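So the chains spell out like this:
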Amino acid sequence: MSDQAVLHVKGRVLAGPEDVRDELWVVGGRISYDRPAAARDITTVEGWALPGLVDAHCHVGLGTHGPVDAATAEKQALTDREAGTLLIRDAGSPSDTRWVDDREDLPKIIRAGRHIARTRRYIRNFAHEIEPEDLVAYVAEEARRGDGWVKLVGDWIDRDLGDLAPSWPRDAVEAAIAEAHRLGARVTAHCFAENSLQDLVEAGIDCIEHATGLTDDLIPLFAARGVAIVPTLVNIATFPQLAAGGDTRFPQWSAHMRRLHERRYDTVRGAYDAGIPVYVGTDAGGSLAHGLVAAEVAELVTAGIPPLDALAATSWAARAWLGRPGLEEGAPADLVVYESDPRADVRVLASPRRVVLNGQVVE
């Protein structure tokens, strides 16, 4: 091996929940647990190292009123990077962010294409708004455009009913999910309400976002099918404010949103206790700030998920679920270094000491 610049990370390297190593080396942007035979310009970083954090529900390129320009999207991605988020599952965006893939200094993005919603049943300018007869075709289009995921809007307020209601008939989602799977894509869906969930899960969906409507009678179905949830509790915290805005015009919807908020922690803990996979997602973008991954992990702990499992939900387990490596031999060196052990106190995640992306110290 010829002389080359090397990064040396030492202290405690958390390659797994209980797989703690003393050091790793970064050579050519990749991880090695063997000291290189020849090296120059060795840079040393000390502390507790984790795989780059995962935000499994994030929207780069999306603002309050729809798509944003590239400069704004870049700021969003950099804010996530500063928080230690180095892998994003972009759960729906109307912006083309493929240019991010050419930037070694920005988080890696797994795209779900653009949201697919029912006509006039979602936030304006966010989604394709279509009718059920077109769902299969749009799912196929987004499956081809995305990175192995498609995002449906499973329910939203029905203004005629004055409350949350499912967006799609059962036969439409069955056909659409089957088509996505045929094309090699997994499907996830935005769902707040209770009555949208059974049809989606029985139709073969892979994940549910928010999942505030998950009830005791539905939990066994999720567990049996292995359907994951991404609770986005930092977003669910906004429900009372949203409900207040609808009290006059949609009182039934407002009361429903408050009930979903009140039982949010019990919902998440019930899912976890049943063995349903739970992953960290913030719902950043739209109206919610980027860089909230540490706050979401803390919310999972508040809900009753043990700290080690809440940590895994944004690191080892989340990366495995998304098919991306962690701190493995030969993997891209995407890692975050902390002052102390994040397994002992997840609040440490809010203060990264160093952020390393593609083998370069970027923060």
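Just above sits the structure.
Small disclaimer: the values here were computed from a predicted structure and weren't measured.

Cut-offs and rules
- Residues numbered from 1 in each chain as written.
- Predicted model: local features only at pLDDT ≥ 70, side-chain atom pairs only at ≥ 80, totals over all residues.
- Heavy atoms only, no water.
- Helix = DSSP H or I, 4+ residues; strand = E, 2+ residues; numbered from the N terminus.
- Rg over C-alpha atoms; globule rule 2.2 N^0.38 Å.
- Buried < 20%, exposed > 50% of the residue type's maximum accessible area, 1.4 Å probe, protein only.
- Contact = heavy atoms within 4.5 Å.
- Areas by Shrake-Rupley, 256 points an atom, 1.4 Å probe, with all protein chains shown as cover.
- Lys, Arg positive; Asp, Glu negative; His and termini not counted.
- Charge placed at Lys NZ, Arg CZ, Asp CG, Glu CD.
- Phe/Tyr/Trp six-rings, centres within 6.5 Å; stacked < 30°, edge-to-face > 60°.
- Lys NZ or Arg CZ within 6 Å of the ring centre and 35° of its normal.

Caption draft 1: Fine view of the overall build of the protein chain. On a plain count of helices and strands, the protein chain comes out with 12 helices and 20 strands. Taking 363 residues into account, the globule formula puts the C-alpha radius of gyration at 21 Å, and the protein chain, at 21 Å, falls close to it. Reported as C-alpha extents along the three principal axes, the dimensions of the protein chain are approximately 70 × 40 × 35 Å. Expressed as a percentage of the 363 residues in the protein chain, the buried residues total 56%. Counted over contacts in the protein chain with a minimum sequence separation of 6, partners at least 24 positions apart contribute 65%. Working note: accessible area of the protein chain is about 14,600 Å², and carbon and sulfur atoms make up 46% of it. A gap of 2 Å separates the mean positions of the 38 positive and 55 negative side-chain charges of the protein chain.

Caption draft 2: Spotlight on the packing of aromatic side chains. Inspection of the entire model under this criterion finds six aromatic pairs. A ring pair is formed by Tyr122 and Phe126, whose centres lie 6.1 Å apart and whose planes are at 75°; its orientation type is edge-to-face. Overall, Tyr122 belongs to the buried group, its relative accessible area being 11%. We classify Phe126 as buried; its relative accessible area is 4%. Between the aromatic rings of Tyr122 and Trp156, the centroid separation amounts to 4.8 Å while the plane-to-plane angle is 70°, which identifies the pairing as edge-to-face. In this pair, Tyr122 is assigned in the loop between strand 10 (116–118) and strand 11 (128–130) and Trp156 in strand 13 (residues 155–158), connecting sequence segments 34 residues apart. Among the aromatic side chains, those forming a connected cluster through ring pairs are Tyr122, Phe126, Trp156, Phe192 and Phe239. The residue whose ring lies beneath Arg21 is Tyr33, and the NZ or CZ to ring-centre distance is 4.1 Å. One residue, Arg264, lies across the ring of Tyr265, its end atom 4.2 Å from the ring centre.

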